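Residue-level structure breakdown
One letter stands for each residue in the lines below.
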Amino acid sequence: MIYALIVAYTIWAIYSGYKVMSGRSEWLDKRAPLNMIVKAVVCTIVGYVIGVFYLILLIIRLVVH
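Residues numbered from 1 in each chain as written. Predicted model: local features only at pLDDT ≥ 70, side-chain atom pairs only at ≥ 80, totals over all residues. Heavy atoms only, no water.

Structural notes on helix α3 (residues 33-64)
Which entries qualify depends on this criterion: For the purposes of this entry, the term helix denotes a DSSP run of H or I that reaches at least four residues, the term strand denotes a run of E that reaches at least two, and both are numbered from the N terminus. Between the first and last residue of a helix there are one fewer steps than residues, each counted as 1.5 Å, and that sum is the expected span. Note on exposure labels: buried denotes an accessible area under 20% of the residue type's maximum, exposed denotes more than 50%, and partly exposed covers the range between, all computed with a 1.4 Å probe on protein chains only. For this analysis, residues touch if any pair of their heavy atoms sits within 4.5 Å.
Over its 32 residues, α3 extends 46 Å from the first C-alpha to the last, a length consistent with the 46 Å expected when each residue adds 1.5 Å. Along α3, the residues that are buried comprise Asn-35, Lys-39, Cys-43, Thr-44, Gly-47, Ile-50 and Gly-51. As for α3, its buried residues are in contact with α1 (2-21) and α2 (26-29).

Set out below in structure tokens:
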């Protein structure tokens, strides 16, 4: 069960990071192998950071409510 949550969170994080990073850097948007690999890594990292902020926000909402 925990693995399914981790996989779902990772997929969501990559998607969120991709939405944020698309159109921000001309170099990352080029269709070259190195650029695509770097964009995938950056999108994953940015997505995890976004996810942590959403998790903190959710915890605060649950505690306050």
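Quick look at the packing of α1 against α3
The test is simple: Interaxial angles span 0 to 180 degrees and are taken between N-to-C directions of axes, which are lines fitted to C-alpha atoms, for helices over the stretch in contact. Oblique is the label for any angle not covered by the other classes, which are roughly parallel (under 35 degrees), roughly antiparallel (over 145) and roughly perpendicular (65 to 115). Following the grouping adopted for this structure description, the nonpolar residues are Ala, Val, Leu, Ile, Met, Phe, Trp, Tyr, Cys and Pro, the charged ones are Asp, Glu, Lys and Arg, and the polar ones are all others, Gly among them.
Running from N to C, α1 and α3 cross one another at 110°; their axes reach a closest spacing of 6 Å. Taken as axis vectors, α1 and α3 run roughly perpendicular relative to one another. Each of Tyr-9, Thr-10, Trp-12, Ala-13, Ile-14, Ser-16, Gly-17, Tyr-18, Val-20 and Met-21 in α1 lies in contact with α3, whose residues at this interface are Lys-39, Val-42, Cys-43, Thr-44, Val-46, Gly-47, Tyr-48, Ile-50, Gly-51, Val-52 and Tyr-54. Tallied by class, the residues present in the contact of α1 with α3 amount to 14 nonpolar, 6 polar and 1 charged.

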